[in-house]
Amino acid sequence: MTTQLGHAPQNGLRRRWGYLVDNPVFTKEIRGRMRGSRAFAVLTFYLVVLGAFTGLMYLAVAESSMSVSGQSNVGEIGRTLFVSIVAIEMLLVAFIAPAFTAGAISGEREHQTFDLLRTTLLSPVALVLGKLTSSMLYVLLLLLAAVPLQSIAFFFGGVAETEVILSFVILICTALLFSTIGIYFSARSHRTLSASVLTYVTATFFTFGLPVMIGGILVLFGFSPNNIQSTTTQLALLYILGGVLSTNPAATALLTQYVLLNQQTIGTFTYTLSGGETITLISPWIPFSVIYLTLTAIVFALAVHRVRQIEN
Amino acid sequence: MAEELIIETHGLVKRYGKLVAVNNLSLQVPRGAIYGFVGPNGAGKTTTMRILTTLITPTAGDAYVAGYSVVDYPREVRRAIGYMPDFFGVYDDMKVWEYLDFFAACYEIPERDRPGLINDLLALVDLSHRRDDMVEKLSRGMKQRLSLARTLAHDPEVLILDEPASGLDPRARIEIRELLVEMSRMGKTIFFSSHILADVAEICTHLGIIESGEMVAQGTVADIRRQLMPTREIQITLLGQVEQAKETLLHVEGVTGINDMPDDHGRRRIRVDFTGDDEGVSQLLFALSSRGIPVVNFAEETHDLETVFMRATKGIVS
């Protein structure tokens with residue numbers, strides 16, 4: 001009959017591990033992406049923009065802090081630089097990651113290669129995972145490339161290593177979720193263009209839309225800590241507000257830094273309400289990571305389900 | 001005749017709303033055959049192939065490839081087939097060897113086996129000298145050959161090829177044909193569709209003629225010829241005595257008709273429709289020459305597949 005090429009059919013567990021470690025889609029994507037000068041041109045452009053922005057921020061901050069006290073508050077300079085870099089990285093991550101993944105599945109259909117993939121033994125999970133990991137690797141490259149710039153902030157002090165690590169965690173979680181959303185829309189849409197639009201709209205909602213909505217609601221109802229009499233309402237409000245803010249990367253980053261500075265913790269801390277009661281709150285990066293990773297898993301499963309269903 | 005069927009369908013139906021693309025199709029492809037699936041454009045060839053390759057689910061009926069149901073065991077079916085659609089999907093920024101490496105990996109071929117496999121495949125389709133070139137830069141003929149190499153990566157039992165020679169120049173078409181014959185010699189079953197009958201006639205052992213989603217005729221090439229062209233046609237060129245010839249022939253058993261044909265350089269020609277066997281044909285010649293009728297040329301017309309095809313299909317396109 002047919003000649004065997006010396007490969008035994010793999011059992012389920014080994015096969016699944018292979019999706020991560022020896023993923024054909026991952027290899028193909030990386031080979032193609034890093035070919036030629038394109039990948040390095042993007043990296044250079046990104047670093048130039050980041051560097052230029054950092055330079056400008058430095059000049060602005062150094063100028064103002066000098067003029068106030070006659071003596072530069074270096075700690076503040078360091079912190080401001082750090083925050084600016086993270087802010088730019090956040091924007092880039094929110095909008096570069098989808099650019100890579102919005103064409104994941106729809107691109108294959110547009111190039112008429114999707115049917116070829118479907119008749120192989122490649123599973124939908126392996127396909128989606130390969131697309132995700134290859135795009136995340138490039139995002140990781142961009143984030144790591146910015147670390148030297150971030151380290152300039154260390155020269156000025158005011159920034160702890162913990163903040164660097166936490167900012168990384170927040171950025172990676174953001175990139176993961178938005179990349180996965182990109183793949184999901186790519187599986188839904190026939191065209192990469194519509195997938196891109198949908199992904200960007202979603203990313204914008206998470207980064208800008210939600211805070212604006214919350215801010216609007218707060219203003220509308222005239223909330224301020226003084227207006228609230230009952231402890232329960234105050235409690236509910238704090239938790240709900242905290243929860244919602246934990247879905248926003250920028251708010252999470254800022255609040256986490258605030259908590260770190262004022263409460264000296266990256267974990268739980270106590271907070272006294274106006275009635276005198278103390279409650280336990282948690283640094284936002286923890287619920288943020290949990291929410292984003294859970295959403296990533298859910299959207300990943302939805303994307304795989306969608307890919308399975310495609311029948312031209 | 002219990003031949004092992006490597007592809008079979010029973011009452012296969014595929015409906016798209018009101019349109020019936022495949023209508024009660026029963027396909028039988030024996031193992032080791034080179035099966036030509038022919039029909040006019042829009043007859044349902046591609047739809048049938050896409051059902052067999054697990055890309056579409058049928059509306060009704062069953063389809064089995066290598067013993068596995070396409071609906072219940074798609075993974076096993078995919079392991080057994082190599083599919084080549086009638087378009088070449090191009091990846092940007094990919095080398096020829098990387099293309100084969102990628103698909104070999106998709107078929108779970110271990111990394112250590114791949115380099116050797118890629119070399120063998122490239123040698124088989126004669127693309128070794130282009131291994132480091134970009135896939136998108138290849139000529140159409142080379143892309144077809146590369147596509148064919150890809151279908152062989154996991155050593156499947158059956159190759160399902162949709163119009164493998166479409167858009168190719170004559171030389172490239174011959175190259176593909178030779179590759180298909182080579183692969184048949186390697187023990188594989190070849191199931192391919194075409195509307196270039198010359199290609200089909202050259203190499204097929206079996207034929208399936210489809211029109212408007214239905215199978216019109218199916219079987220070995222000889223069977224189909226016999227089925228659709230039951231009478232033999234014998235062309236006779238005479239120097240003279242045409243009326244005597246006709247008179248004589250009409251008395252021979254098995255002659256169903258005699259028609260005049262255009263003259264050939266002043267020599268008269270007639271065509272005899274005959275239902276007898278080879279013995280009978282030689283009797284015809286004897287009957288004429290024994291009466292001294294001057295026969296210059298006596299030959300049986302073997303019908304090319306085109307005529308068979310034209311007779312079988314009514315040219316109805318859905």
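On to the overall build of chain B. Helix and strand counts for chain B stand at eleven helices and 15 strands. Seen through its C-alpha atoms, chain B measures out along the principal axes to roughly 80 × 45 × 35 Å. Here chain B holds 318 residues, and 42% of them are scored as buried. Of all intrachain contacts in chain B linking residues separated by at least 6 positions in sequence, the fraction that spans at least 24 positions is 69%.

Between chain A and chain B, the residue contacts involve 26 residues of the former and 31 residues of the latter. Looking at the side of chain A that touches chain B, the elements that each hand over two or more residues are helix 2 (24–33) and helix 6 (114–118) of chain A. In terms of residues, the side of chain A that touches chain B owes the most to one element, helix 2 of chain A, which gives five residues. In the side of chain A that touches chain B, the residues fall into six nonpolar, 13 polar and seven charged.

So, on to the sheet that holds strand 15 (residues 295–301) of chain B. All names here are of chain B. With antiparallel pairing, four strands are arranged side by side in an open sheet as 13-14-12-15. At either end of the open sheet lies a strand with only one pairing partner, and these are strand 13 (255–264) and strand 15. Adjacent strand axes in the sheet meet at a mean angle of 20°, parallel and antiparallel pairs treated alike. Pairing between strand 12 (residues 232–238) and strand 15: six bridges, direction antiparallel. For leucine 238, the partnering residue across the bridge sits in strand 15 and is valine 295.

Taken as a whole, chain A shows an average pLDDT of 83; of its residues, 87% reach a score of 70 or greater. Of all helices and strands in chain A, the one with the weakest mean pLDDT is helix 1 (residues 12–21) of chain A (68), whereas helix 13 (residues 285–309) of chain A scores best (94).

Buried accessible area, meaning the area lost when the parts come together, often serves as the stated size of an interface. Examined at the domain level, chain B breaks down into domain 1 (5–227) and domain 2 (231–302). Domain 1 of chain B and domain 2 of chain B are separated by 45 Å when their C-alpha centres are compared.

What follows concerns the domain arrangement of chain A. All names here are of chain A. Per the domain assignment, the segments of chain A are domain 1 (18–207) and domain 2 (213–286). For domain 1 versus domain 2, the separation of C-alpha centres amounts to 28 Å. Facing the twelve residues of domain 1 at the interface are eleven residues of domain 2. Residue assignment for the side of domain 1 that touches domain 2 shows that the elements contributing at least two residues are helix 4 (74–101), helix 9 (161–188) and helix 10 (192–221). Looking at which element gives the most residues to the side of domain 1 that touches domain 2, the answer is helix 9, with seven residues. The residue makeup of the side of domain 1 that touches domain 2, split by class, is seven nonpolar, four polar and one charged.

We now examine the pairing of strand 1 (residues 5–16) of chain B. Residue and element names in this part refer to chain B. Bridge count between strand 1 and strand 3 (residues 28–30): three bridges; the pairing is antiparallel. Within strand 3, the position partnered with isoleucine 7 by the bridge is valine 29. As paired elements, strand 1 and strand 5 (residues 60–65) share five bridges and run antiparallel to each other. Across the sheet, glutamate 8 pairs through a bridge with tyrosine 64, a residue of strand 5.

Once that is clear, we can look at the environment of Gly42(B). With respect to the helices, strands and loops of the structure, Gly42(B) is situated in the loop between strand 4 (34–38) and helix 1 (45–52). Sequence spacing of Gly42(B) and Ala21(B) is 21 residues, and the spatial spacing of their C-alpha atoms is 8.2 Å.

So, on to the pairing of strand 2 (residues 19–25) of chain B. Residues and elements named next belong to chain B. Relative to strand 2, strand 1 runs antiparallel, the two being bridged by four bridges. Bridge assignment links tyrosine 16 to a residue of strand 2, and that residue is leucine 19. Here strand 1 folds back onto strand 2, and the loop between the two strands holds two residues, one of which, glycine 17, carries a positive phi near 65°.

A separate point is helix 2 of chain A. Listed in full, the buried residues belonging to helix 2 of chain A are Pro24(A), Val25(A), Phe26(A), Lys28(A) and Glu29(A). On its buried face, helix 2 of chain A is in contact with helix 7 (124–145) of chain A together with helix 3 (96–106) of chain B.

Along its 13 residues, helix 10 (residues 278–290) of chain B runs 18 Å from first to last C-alpha, staying within 8% of the 18 Å computed at 1.5 Å per residue. Gly292(B) sits one or two residues past helix 10 of chain B and shows a positive phi near 75°.

Turning to the nonpolar core, a few remarks are in order. Ranked by size, the top nonpolar core spans 135 residues in total, and within it Val65(B), Val158(B) and Phe191(B) carry the most contacts. Residue contributions to this core peak at 13 residues, all from helix 9 of chain A. Among all residues touching Val65(B), those that are not within four sequence positions of it are Ile7(B), Leu52(B), Val70(B), Val77(B), Ala80(B), Ile81(B) and Val158(B). Core analysis: the second largest hydrophobic core is formed by eleven residues, Ile234(B), Leu249(B), Val272(B) and Leu288(B) among them.

Residue and element names in this part refer to chain B. Read across the sheet, six strands follow the order 7-8-9-4-10-11 without closing on themselves; strand pairing throughout is mixed. Looking at the sheet topology across the chains shown, the edges are occupied by strand 7 (81–84) and strand 11 (214–220). When the angles between neighbouring strand axes are averaged without regard to direction, this sheet yields 15°. Here strand 4 pairs with strand 10 (residues 206–211) via four bridges, running parallel. Considered in strand 10, the bridge of glycine 36 is made with leucine 207. In the packing of helix 6 (residues 170–185) onto the sheet, the strands contacted are strand 4, strand 8 (158–162) and strand 9 (189–194), and the crossing angle to strand 9 comes to about 155°.

Each value, and the rule that gives it
- Residues numbered from 1 in each chain as written.
- Chains lettered and ligands numbered in written order.
- Predicted model: local features only at pLDDT ≥ 70, side-chain atom pairs only at ≥ 80, totals over all residues.
- Helix = DSSP H or I, 4+ residues; strand = E, 2+ residues; numbered from the N terminus.
- Buried ≥ 20, exposed ≤ 12 C-beta atoms within 10 Å, placed from the backbone.
- Contact = placed C-beta atoms within 7 Å.
- Nonpolar A, V, L, I, M, F, W, Y, C, P; charged D, E, K, R; others polar.
- Pairing = 2+ DSSP bridges.
- Axes fitted to C-alpha atoms, helices over the stretch in contact; angles between N-to-C directions.
- pLDDT = per-residue confidence, 0-100.
- Domains from an automatic or database assignment.
- Expected span 1.5 Å × (residues − 1).
- Core = buried A, V, L, I, M, F, W, Y, C linked by C-beta atoms within 7 Å.

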